[in-house]
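Residue-level structure breakdown
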Amino acid sequence: MTFINEHNIISPIKKETKKNKIIFTYKKDTFYQHNKALLNCFKTEFKPNLKYVFNELESFWGEVVDWEKLIELTICLHDYGKLNSAWQKPMKEFQKQKTGIDSPSEVLAHTDYDDSIDIYLAKECKIKNKPAHAGIGAMQAYEMLYDEYSEDVAKVVCNAILKHHSPETHSFVNFLIPDYHINIIKQLFDEYSLKGDFIKTEKGESLQDIVPTKNKEWLIYLFIVRILRLCDQKATESFEKYYTL
């Protein structure tokens, strides 16, 4: 991929080689464990340094917002789409084939996956074809925050979740979330004194019209999505460390 800036300077082409290929590895964690790890990561790595930032954001935004609760809600909903039955099915099948252990009631966030040895098993279980998940959580956040805060806040959090894996994401897919999956996220919401009604099924739609339009909205978006991405990365790399805090 190349980019041309305003001075017509073209970026160099970087060739991808097998030698430089990144090998992805993941350790299995459940939906609850993963989100709890993110929440603890935020609590320990970020929250102690954000008192001044939160005060400044309130002045900048022009209205009272509980930024801490907003970030906690963003974290809880960022993988809401993983509760989709169609997302869980191939992941559970892969984990069963990988370990020989069948845990039908377990709701996963990640599997024990090693890119260097599990490619064929992943193809067999079709985990690469599982539906996208980010857009579902984005839509849920927008619906939940629209009345609770404002449309501006709802758009900011919606896009932080929507684009936390890729800025190219702009929609959500059809989904169906069973009650026992909903109970897991309700547990997280109760633990952090969060409130909201959950959408269990919906037909996919575009979210391209729900975008920040003001400079202040984009700034808050960048702030929240950066915290989300860093917590997600840290918790995925070592969920045991943050989950047990």
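These lines cover the structure that appears in this document, whether it is placed above or below.

**Some words on the overall build of the protein**
Helix and strand counts for the protein come out as 10 helices and eight strands. Taking 245 residues into account, the globule formula puts the C-alpha radius of gyration at 18 Å, and the protein, at 19 Å, falls close to it. Across its three principal axes, the protein shows a C-alpha extent of roughly 55 × 50 × 40 Å. When contacts within the protein are restricted to residue pairs at least 6 apart in sequence, those whose partners lie at least 24 apart make up 79%. Of the roughly 14,000 Å² of accessible surface on the protein, a fraction of 51% belongs to carbon and sulfur atoms.

**Regarding unusual backbone geometry**
The phi dihedral of Lys126 is positive, around 60°, even though this residue is not glycine. Here Ser193, not a glycine, exhibits a phi torsion of approximately 55°, which is positive.

**Notes on the pattern of salt bridges**
One side chain can pair with another of opposite charge once the charged atoms of both are near each other. By the definition in use, this model includes 11 salt bridges. Across the pair Lys82 and Asp79 runs a salt bridge, and its minimum N-O distance is 3.3 Å. Residue Lys82 shares its accessibility class with Asp79, and that shared class is buried. Residue Asp179 pairs with Lys200 through a salt bridge whose shortest N-O separation is 2.5 Å. Of this pair, Asp179 sits in helix H8 (residues 179-191) while Lys200 is found in the loop between H8 and strand S7 (201-202), placing the two residues 21 residues apart along the sequence.

**Here's the deal with the environment of Leu145**
With respect to the helices, strands and loops of the structure, Leu145 is situated in helix H6 (residues 134-148). Overall, the relative accessible area of 1% leaves Leu145 in the buried class. With sequence-adjacent residues up to four places away left out, Leu145 is seen in contact with Leu70, Leu73, Ser150, Ala154 and Val157.

**Regarding the nonpolar core**
Grouped together as the largest cluster of nonpolar side chains are 63 residues, with contacts concentrated most on Phe42, Leu77, Tyr80 and Phe189. Contributions of two or more residues to this core are made by helix H1 (31-46), helix H2 (51-61), helix H3 (67-77), H6, helix H7 (151-162), H8, helix H9 (215-237) and helix H10 (239-243). Ranked by residue count, the leading element in this core is H9, at nine residues.

**Observations regarding the packing of H1 against H9**
Viewed as axis vectors pointing N to C, H1 and H9 meet at an angle of 115°, and their least axial separation amounts to 9 Å. Note that H1 runs across H9; the crossing there is right-handed. Only Ile227, Leu228, Leu230, Cys231, Asp232, Lys234, Ala235 and Thr236 of H9 make contact with H1, whose side of the interface consists of His34, Ala37, Leu38, Cys41, Phe42 and Phe46. Looking at the contact of H1 with H9 residue by residue, the class counts come to 10 nonpolar, two polar and two charged.

**Some points on H7**
Taking 1.5 Å per residue as the helical rise, H7 with its 12 residues ought to reach 16 Å, and the 16 Å between its terminal C-alpha atoms agrees with that figure. Counting buried positions along H7 gives 11 out of 12 residues, so the element sits mostly inside the fold. Here H7 has its buried residues at Asp152, Val153, Ala154, Lys155, Val156, Val157, Cys158, Asn159, Ala160, Ile161 and Leu162. Looking at the packing, one finds that the buried side of H7 touches H2, H3, H6, strand S5 (171-172) and H9.

**Overview of the side chain of His133**
Within the secondary structure layout, His133 lies in the loop between helix H5 (119-125) and H6. Reaching out from His133, the side chain makes a polar contact with the side chain of His165 at a distance of 3.4 Å. The residues touching His133, leaving out its near neighbours within four places in the chain, are His78, Asp79, Gly81, Lys82, Trp87, His164 and His165.

**Some thoughts on the environment of Ala160**
Along the polypeptide, Ala160 turns up in helix H7. Sequence separation between Ala160 and Thr74 is 86 residues, and the spatial gap between their C-alpha atoms is 8.0 Å. Ala160 has contacts with Tyr221, Ile224, Val225 and Leu228, leaving out every residue within four places of it along the chain.

**Describing the packing of aromatic side chains**
Evaluation of the coordinates by the stated rule reveals nine aromatic pairs. On the numbers, 5.8 Å between centres and 55° between planes, the contact of Phe94 with Tyr113 is tilted. Here the residue Phe94 occupies a position in helix H4 (residues 85-99), and Tyr113 occupies one in strand S4 (residues 113-114), the gap between them amounting to 19 residues. Phe94 gets classed as buried once you look at its relative accessible area, which sits at 0%. Exposure remark for Tyr113: the relative accessible area of 6% places this residue in the buried category. Considering the side-chain rings of Phe239 and Tyr243, the 6.3 Å spacing of their centres and the 45° angle between planes classify their relative orientation as tilted. On the criterion of helical spacing, the pair formed by Phe239 and Tyr243 is a turn pair, its members being four residues apart in helix H10. Judged by its relative accessible area of 10%, Phe239 falls in the buried class. Through pairs of rings, three or more aromatic residues link up here, namely Tyr32, Phe239 and Tyr243.

What counts, and where the lines are drawn
- Residues numbered from 1 in each chain as written.
- Predicted model: local features only at pLDDT ≥ 70, side-chain atom pairs only at ≥ 80, totals over all residues.
- Heavy atoms only, no water.
- Helix = DSSP H or I, 4+ residues; strand = E, 2+ residues; numbered from the N terminus.
- Rg over C-alpha atoms; globule rule 2.2 N^0.38 Å.
- Contact = heavy atoms within 4.5 Å.
- Areas by Shrake-Rupley, 256 points an atom, 1.4 Å probe, with all protein chains shown as cover.
- Salt bridge = Lys/Arg side-chain N within 4 Å of Asp/Glu carboxyl O.
- Buried < 20%, exposed > 50% of the residue type's maximum accessible area, 1.4 Å probe, protein only.
- Core = buried A, V, L, I, M, F, W, Y, C linked by side-chain atoms within 4.5 Å.
- Axes fitted to C-alpha atoms, helices over the stretch in contact; angles between N-to-C directions.
- Left-handed = near helix turned anticlockwise from the far one by under 90°.
- Nonpolar A, V, L, I, M, F, W, Y, C, P; charged D, E, K, R; others polar.
- Expected span 1.5 Å × (residues − 1).
- Polar contact = N/O pair within 3.5 Å; in protein donor to acceptor, adjacent residues only side chain to side chain.
- Phe/Tyr/Trp six-rings, centres within 6.5 Å; stacked < 30°, edge-to-face > 60°.

So far we have only geometry, and geometry alone does not tell us how the molecule works.
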